[in-house]
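# Architecture and fold: a report
So the chains spell out like this:
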Amino acid sequence: MESVKYKRIMLKLSGEALAGEKGYGVDFEVAKRIAEEIKEIIDMGVEIGAVVGGGNIWRGRDGGEMDRVTADHMGMLATCINALALQDSLEAVGVHTRVQTAIEMRQVAEPYIRRKAIRHLEKGRVVIFAAGTGNPYFSTDTAASLRAAEIEAEAILLAKKVDGVYDKDPNKFTDAKKFVNLSHLEVIKQGLQVMDSTASSLCMDNNIPIIVFGLDKPGNIKKVVLGENIGTTVSNQ
Ligand code: UDP
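Residues numbered from 1 in each chain as written. Predicted model: local features only at pLDDT ≥ 70, side-chain atom pairs only at ≥ 80, totals over all residues. Heavy atoms only, no water.

## Some points on the UniProt feature "binding site: ATP" (unreviewed entry) in the protein
- Mapped onto this structure's residue numbering, the UniProt feature "binding site: ATP" (unreviewed entry) falls at Lys12, Leu13, Ser14, Gly15, Gly55, Arg59, Tyr166 and Asp169. Judged by maximum C-alpha separation, these annotated positions cover 158 residues in sequence and are scattered in space, the widest gap reaching 24.2 Å.
- Looking at the element boundaries, Lys12 is found in strand β1 (residues 8–13).
- On the basis of relative accessibility, which here comes to 5%, the residue Lys12 falls in the buried class.
- In this structure, Lys12 is in contact with Val51, Gly53, Thr140, Asp141, Ala144, Ile156, Leu157, Leu158 and Ala159, ignoring residues within four places of it in sequence.
- Setting aside residues up to four positions removed in sequence, Tyr166 forms contacts with Ala176, Lys177, Lys178, Phe179 and Leu192.
- One polar contact links Tyr166 to Asp163, side chain to side chain, over a distance of 2.7 Å. (UniProt positions renumbered as here; feature names shortened; annotations may be inferred. Helix = DSSP H or I, 4+ residues; strand = E, 2+ residues; numbered from the N terminus. Buried < 20%, exposed > 50% of the residue type's maximum accessible area, 1.4 Å probe, protein only. Contact = heavy atoms within 4.5 Å. Polar contact = N/O pair within 3.5 Å; in protein donor to acceptor, adjacent residues only side chain to side chain.)

This is the structure:
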């Protein structure tokens, strides 16, 4: 077996990642590819918790004038749709999974119970944490940080459209520079777009490294798990 750098990880996928080029909803070709990549590292003995965003369907801020809390409830439900899509794609390639939700929906998925989640991980099941933190005014980045701390994940793998953290938007500026390493404090102080500040603070306070990388090239999840420096590592070092 290849030696892995992280034995237990939290994989954060944005809703956008699941939408692929379509930009909305779920692109099942993309979901299948992600599922196959996850299978590769499950087969290497890595324990995987996953949080999926909801931005491909609904974000609280899309609500405009509507009540913010209701808009956020809609966003959390969107993450459940994505979690079920990812679950289906994973099961289709032979990976055992459980979806646990922060808002109870017993007919659809298990409620979030930390001890149960850890037991599933130990048995080699991917646990997909849905409905964010269960609270409005938070994000799925915060949910990923919180659950990572709870399950004692060694790192958060933050899969993005961009292949790391840059000093300015690489889609707009050709001279944008990619960081290889950053501290959580630098990210917060410089307002770099990694996670929102609540999620970043949680990672800093609990000493959880974040590896930001692009999902554009197949095999990247495995590379990160093996310790290859392909994106940007944010940590307290
Ligand atoms: N959300 C929330 N509380 C949480 C997590 C998510 O209210 O703990 C809502 C919020 O409205 C957010 C939406 O769910 O905009 C979708 O999550 P997010 O924007 O983090 O998804 P992503 O951008 O990663 O696709």
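## Brief notes about the pairing of strand β8 (residues 210–214)
- β8 sits mainly inside the fold: five of its five residues count as buried.
- The alternating pattern of β8 places Ile210, Val212 and Gly214 and Ile211 and Phe213 on opposite faces, both of which are buried.
- As paired strands, strand β6 (residues 155–160) and β8 are joined by five bridges and run parallel to one another. Within the sheet, the bridge partner assigned to Lys160 lies in β8 and is Gly214.
- Pairing geometry for β8 and strand β9 (residues 232–235), over three bridges, is antiparallel. Looking at the pairing, Val212 lines up with Thr232 of β9. (Pairing = 2+ DSSP bridges.)

## Considerations on the UniProt feature "domain: Aspartate/glutamate/uridylate kinase" (unreviewed entry) in the protein
- The feature "domain: Aspartate/glutamate/uridylate kinase" (unreviewed entry), as annotated in UniProt, sits at residues 7–213 in this numbering.
- Along residues 7–213 the backbone is 39% helical and 18% strand, and the end-to-end C-alpha distance reaches 18 Å.

## Notes on the packing of aromatic side chains
- Applying the stated criterion across every chain, the model contains one aromatic pair.
- Geometrically, the ring pair formed by Tyr112 and Phe129 is edge-to-face, given 5.7 Å between the ring centres and 75° between the ring planes. Here Phe129 lies in strand β5 (residues 126–130) and Tyr112 lies in the loop between β4 (110–111) and α4 (114–122), a separation of 17 residues in the sequence.
- Note on Phe129: relative accessible area 2%, which makes it buried.
- Note that Arg147 overlies the ring of Tyr112, its terminal NZ or CZ placed 3.6 Å from the centroid. (Phe/Tyr/Trp six-rings, centres within 6.5 Å; stacked < 30°, edge-to-face > 60°. Lys NZ or Arg CZ within 6 Å of the ring centre and 35° of its normal.)

## Comments concerning the environment of Cys80
- Residue placement: Cys80 occurs in helix α3 (residues 68–92).
- Cys80 gets classed as buried once you look at its relative accessible area, which sits at 7%.
- Taking the C-alpha atoms as reference points, Cys80 and Ala102, separated by 22 residues in sequence, lie 9.7 Å from one another.

## A look at the side chain of His184
- Checked against the element boundaries, His184 lands in helix α6 (residues 184–190).
- Those residues in contact with His184 that lie beyond four places of it in its chain are Ser200, Cys203, Met204, Ile208, Pro209, Ile210, Val234, Ser235 and Asn236.

## Things to note about the environment of Phe213
- Inspection of the secondary structure assignment puts Phe213 in strand β8.
- Between the C-alpha atom of Phe213 and that of Lys161, which follows or precedes it by 52 residues, the distance is 8.1 Å.
- Other than its neighbours up to four places away in sequence, Phe213 contacts Leu11, Leu157, Leu158, Ala159, Lys160, Val162, Asp163, Asn220, Ile221, Val224 and Ile230.

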